[in-house]
Amino acid sequence: MPAFSDADCGHMARALKLASRGQYSAHPNPMVGCVIVNDGAVVGEGWHQRTGEAHAEINALAAAGDKARGATAYVTLEPCAHHGKTPPCANALADAGIAQVIAAVEDPFPEVAGRGLAALKAAGIETEVGLMRAPAEMLNAGYIARITRGWPRVRVKVAASIDGAIAMKSGESQWISGAEAREDVQHLRARSGAILTGIGTVLADDPSLNVRLPSSTFSGLQPLRVVLDSDLRMPVRAAMLDLSGETLVCCVGQPDTGPLERAGAEVRSFGDAGAKVDVSRVLAELAGRGVNDVLVEAGPGLTGHLLEQKLVDELVIYQAPHIMGSETRTMFQTPSWLRLADRKSLEISDVRRFGDDTRITARVLY
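Since we're looking at a predicted model, the values are computed, not measured.

A. Structural detail: the side chain of histidine 48. Here histidine 48 is to be found in the loop between strand S2 (41–47) and helix H2 (56–64). Under the relative-accessibility criterion, histidine 48 is labelled buried at 2%. At 3.5 Å, the side chain of histidine 48 and the backbone oxygen of arginine 50 are in polar contact. Engagement of the side chain of histidine 48 in a polar contact is seen with the backbone oxygen of alanine 54, the distance being 3.2 Å. For histidine 48, the residues in contact, after removing those within four places along its chain, are Gly22, Ala26, Asn29, Pro30, Val32, Glu53, Ala54, His55 and Ala56.

As structure tokens, then:
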């Protein structure tokens, strides 16, 4: 690992901050930021705003103009070296006369995967990689998961009391968390390519599962709504079917899909009749559609099943400061966990307050 200076770290930190501006609009592409520095001064900045549009490096080069010659480019992800929807950034950097490129992390996409750095070196550009690798990988964890393992990052959202209840036994649950926490959930949705739930939640709550943020904050596409519905009980008058965006209903066997399809849903079978929907196949399908991040908003049966199948990457728990008592429903149903040894450890990565509630973000360790 090369020795990076404090100035190097500062410029890459700025590039990461720029990259995060694409959190609602860049997917399925990764979020990327670029800072161009010449003789110690920042001469150009850019970030990838939307798939199909200019990449971060191109925007930064446009801002730098002639000052890019002899400069250093700090990029949060290895520059591309292939013709996709846009020309290769490695070529553009070389043509602009960039002298050095410092990348935070390699791009695992097969058509890049080291080829970008190799192209830069072949053009006589000094390259370094690894500066602030960990935060750069975290920024694009969903994209990296989709490319390297074939299914998206799965994040489960739960609102619970401090004693772990998500509803009364009657099903009453509105509202456990406060307004500030519920608004933060809208930002989680906006950062997701798909929102997944179960038919039980649809029948009980008729959720919209859409992003409800002002247009000044969110101007991207609505996440794909995904409903796991083995027996195809999805109501044709479900609220989500009247909203902008698409809804995918996942069933098993070959039921009559006509009524739902005429109501605006897409219906696909993921398993044999009589079985449960094969969630791993659903996740692979979502990866094939370019979904990087899946947000699960569902009941304890589905969320517990995902945990049992080791398909959950991260939990986001909004913990409200009240006690709901014994006549309640708990966060997860995991009937296969019978011994203390079956418990799953968590690695807490973030804790912060939203109004009176505490949001705990934790990675599941299997």
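B. Spotlight on the pattern of salt bridges. According to the stated counting rule, one finds 18 salt bridges in the structure shown. A salt bridge links glutamate 297 to lysine 157; its shortest N-O distance comes to 3.6 Å. Placement of the pair is glutamate 297 in the loop between strand S12 (293–296) and helix H11 (300–308) and lysine 157 in strand S6 (residues 153–161), with a sequence separation of 140 residues. Owing to a relative accessible area of 9%, glutamate 297 belongs among the buried residues under this scheme. For lysine 157, a relative accessible area of 17% corresponds to the buried category. Of the charged contacts in the structure, one is a salt bridge between glutamate 347 and arginine 363, with a shortest N-O distance of 3.1 Å. With glutamate 347 in strand S15 (residues 345–354) and arginine 363 in strand S16 (residues 357–365), this residue pair connects regions lying 16 residues apart in the sequence. Here glutamate 347 falls in the partly exposed class, since its relative accessible area comes to 39%. The class for arginine 363 is partly exposed, based on a relative accessible area of 42%.

C. How the structure looks around the nonpolar core. Ile36, Ala73, Ile98 and Val101 are the most contacted members of the largest nonpolar core, which totals 34 residues. Elements that contribute at least two residues to this core include exactly helix H1 (6–19), strand S1 (33–38), S2, H2, strand S3 (72–75), helix H3 (89–95), strand S4 (100–103) and helix H4 (115–122). Non-local contacts of valine 101, meaning those with residues more than four positions away in its chain, are made with Ala73, Val75, Pro79, Leu93, Leu120, Ile125, Glu126, Thr127 and Glu128. Counting residues in hydrophobic clusters, the runner-up holds 33 residues, among them Val252, Val296, Leu306 and Leu315.

D. Expanded view of unusual backbone geometry. Residue proline 28 is reached from histidine 27 by a cis peptide bond, and omega for that bond is 15 degrees. With omega at -5 degrees, the peptide bond leading from glutamine 174 into tryptophan 175 counts as cis. On the secondary structure map, tryptophan 175 appears in the loop between strand S7 (165–168) and helix H7 (179–190). In this model, methionine 132 sits at a positive phi of 60 degrees, which is unusual for a non-glycine residue.

E. Expanded view of the sheet that holds strand S5 (residues 126–129). With mixed pairing, the 5 strands of this open sheet are ordered in space as S2-S1-S3-S4-S5. Pairing within the sheet leaves two strands with one partner each, and these edge strands are S2 and S5. Direction aside, neighbouring strands of the sheet carry axes that sit 15 degrees apart on average. Direction of pairing for S4 relative to S5: parallel, over a ladder of 4 bridges.

F. Structural detail: the sheet that holds strand S13 (residues 314–320). Read from one edge to the other, the open sheet built from 9 strands follows the order S11-S10-S9-S8-S12-S6-S13-S16-S15, with strand pairing classed as mixed. The open sheet has two free edges, formed respectively by strand S11 (266–269) and S15, since each of these has just one partner strand. Across the sheet, the axes of successive neighbouring strands diverge by a mean angle of 25 degrees, strand direction being ignored. Looking at chain direction, strand S9 (residues 224–228) and strand S10 (residues 247–251) are connected through 4 bridges and run parallel. Residue pairing in the sheet places valine 227 in a bridge with valine 249 of S10. In the packing of helix H10 (residues 279–288) onto the sheet, contacts are made with S6, strand S8 (194–198), S9, S10, S11 and S12, and the angle to S9 comes to roughly 165 degrees. Across the face of the sheet, H11 comes into contact with S6, S8, S9, S12 and S16 while running at roughly 110 degrees to S8.

G. Broad picture of the pairing of S9. Across the 5 residues of S9, 5 count as buried, placing the element largely inside the fold. Across the two faces of S9 the burial is the same, with Leu224, Val226 and Leu228 and Arg225 and Val227 all buried. As judged from the 5 bridges shared by S8 and S9, these two strands associate in the parallel manner. Residue pairing across strands places isoleucine 195 opposite arginine 225, the latter belonging to S9.

What counts, and at which threshold
Residues numbered from 1 in each chain as written. Predicted model: local features only at pLDDT ≥ 70, side-chain atom pairs only at ≥ 80, totals over all residues. Heavy atoms only, no water. Helix = DSSP H or I, 4+ residues; strand = E, 2+ residues; numbered from the N terminus. Buried < 20%, exposed > 50% of the residue type's maximum accessible area, 1.4 Å probe, protein only. Polar contact = N/O pair within 3.5 Å; in protein donor to acceptor, adjacent residues only side chain to side chain. Contact = heavy atoms within 4.5 Å. Salt bridge = Lys/Arg side-chain N within 4 Å of Asp/Glu carboxyl O. Core = buried A, V, L, I, M, F, W, Y, C linked by side-chain atoms within 4.5 Å. Pairing = 2+ DSSP bridges. Axes fitted to C-alpha atoms, helices over the stretch in contact; angles between N-to-C directions.

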